[in-house]
Amino acid sequence: DDFKLFILGAHHPKLKDDETYKTEYIRLKTKAQKELDTNVDWQEGFVDWAKMALYYPASDAVLFPYTRSISSSWPMALSVWYEVPFLASDVFSQSIDNELLLFEKSPIGLANKIDFFFKNQDKYTDIISQMRQERLWGEVGKETYNIYKK
């Protein structure tokens, strides 16, 4: 087994008291620990900067398998900053316009996209590098200036 799956900051504050959410969360955590054993590292709560600075650059991809649209701009921004490709469920289709980054929000959709990703990693390297260039402060500043100078 030559992989490690890190599940970071898994609880969302708006759902922490939702019984359906808590039941599903426990089910998924138990399943991951049973089936993946030492290949999964499940960390709840806040993940400090030192760990993030280790995890992102060491990752092949960052996954956002959300079933609801819940803000995750900061983790995605870190992915872009570190130039680590991310794959997100189609709940992000209104904010992400590149189909290569999106998958159908189902276990099969995620599995198929991960398989596709590892067979086509070169495509993702270019996408994430371009995203990073477009989001540098200088570029954002130029775009903002051009919008308001009219």
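Our subject is the structure listed above.
Reference entry: report on the structure contained in this document. In this text, all values refer to a predicted model and were calculated from it rather than measured experimentally. (Residues numbered from 1 in each chain as written. Predicted model: local features only at pLDDT ≥ 70, side-chain atom pairs only at ≥ 80, totals over all residues. Heavy atoms only, no water.)

Let us look at the packing of helix H4 (residues 107-119) against helix H5 (residues 121-134). As a packed pair, H4 and H5 sit with axes 5 Å apart at the nearest point and diverge in direction by 90 degrees. Considering the angle they form, H4 stands roughly perpendicular to H5. Listed contacts from H5 to Lys113, Phe116, Phe117, Phe118 and Lys119 of H4 are Gln121, Lys123 and Tyr124. Within the contact of H4 with H5, the residues separate by chemical class into four nonpolar, one polar and three charged. (Axes fitted to C-alpha atoms, helices over the stretch in contact; angles between N-to-C directions. Helix = DSSP H or I, 4+ residues; strand = E, 2+ residues; numbered from the N terminus. Parallel < 35°, antiparallel > 145°, perpendicular 65-115°, else oblique. Contact = heavy atoms within 4.5 Å. Nonpolar A, V, L, I, M, F, W, Y, C, P; charged D, E, K, R; others polar.)

Bringing the environment of Asp97 into the picture now. One can find Asp97 in the loop between strand E4 (86-89) and strand E5 (102-103). Among the residues examined, Asp97 registers a relative accessible area of 76% and is labelled exposed. Through-space distance from the C-alpha of Asp97 to that of Asn146 is 22 Å; in sequence the pair is 49 residues apart. (Buried < 20%, exposed > 50% of the residue type's maximum accessible area, 1.4 Å probe, protein only.)

All right, on to the nonpolar core then. Formed by 25 residues in total, the largest nonpolar core has its most connected members in Phe86, Ala88, Phe92 and Ile96. Of all the elements, H5 adds the most residues to this core, at four residues. Beyond its immediate sequence surroundings of up to four residues, Ala88 is in contact with Phe64, Met76, Ile96, Leu101, Leu102 and Phe103. In this structure, Ile7, Leu15, Val40 and Trp42 belong to the second largest nonpolar core, which totals seven residues. (Core = buried A, V, L, I, M, F, W, Y, C linked by side-chain atoms within 4.5 Å.)

This brings us to the sheet that holds strand E3 (residues 62-64). Overall, parallel pairing links the three strands, which are arranged E3-E4-E5 in an open sheet. Of all the strands in the sheet, just E3 and E5 have a single pairing partner and so form its edges. Pairing analysis gives three bridges linking E3 to E4, with the strands arranged parallel. In the strand pairing of E4, Phe64 is matched with Ala88. (Pairing = 2+ DSSP bridges.)

Per the counting criterion, the structure on display carries eleven aromatic pairs. Ring geometry for Trp49 and Trp74: centres 5.6 Å apart, planes at 80 degrees, overall edge-to-face. With Trp49 in helix H2 (residues 49-58) and Trp74 in helix H3 (residues 73-81), the pair connects residues that are 25 residues apart, well separated along the chain. According to the relative accessible area criterion, Trp49 is exposed, its value standing at 54%. Relative to Phe118, the ring of Phe117 lies with its centre 4.9 Å away and its plane at 80 degrees, an arrangement referred to as edge-to-face. With a relative accessible area of 43%, Phe118 lands in the partly exposed category. Ring-pair connections join several aromatic residues into one group, and the members of that group are Phe64, Tyr66, Phe86 and Phe92. One Lys or Arg, Arg132, reaches over the ring of Trp81 and ends 4.1 Å from the middle of that ring. (Phe/Tyr/Trp six-rings, centres within 6.5 Å; stacked < 30°, edge-to-face > 60°. Lys NZ or Arg CZ within 6 Å of the ring centre and 35° of its normal.)

Moving on, we come to the layout of surface pockets. To find leftover empty space, a probe the size of one water molecule is rolled over the atoms. Approximately 270 Å³ is the volume found for the second largest pocket. As for the second largest pocket, its lining consists of Trp74, Ala77, Leu78, Val80, Trp81, Arg132, Arg135, Leu136, Trp137 and Val140. Elements represented by at least two residues in the lining of the second largest pocket include exactly H3 and helix H6 (137-148). By residue number, the principal contributor to the lining of the second largest pocket is H3, which donates five residues. Within the lining of the second largest pocket, the residues separate by chemical class into eight nonpolar, no polar and two charged. (1 Å grid on protein atoms, 1.4 Å probe; cavity = no way out; pocket = protein on both sides within 12 Å on 5 of 7 lines; lining within 4 Å. Points joined across faces, edges and corners; volume = space filled by probe spheres on them.)

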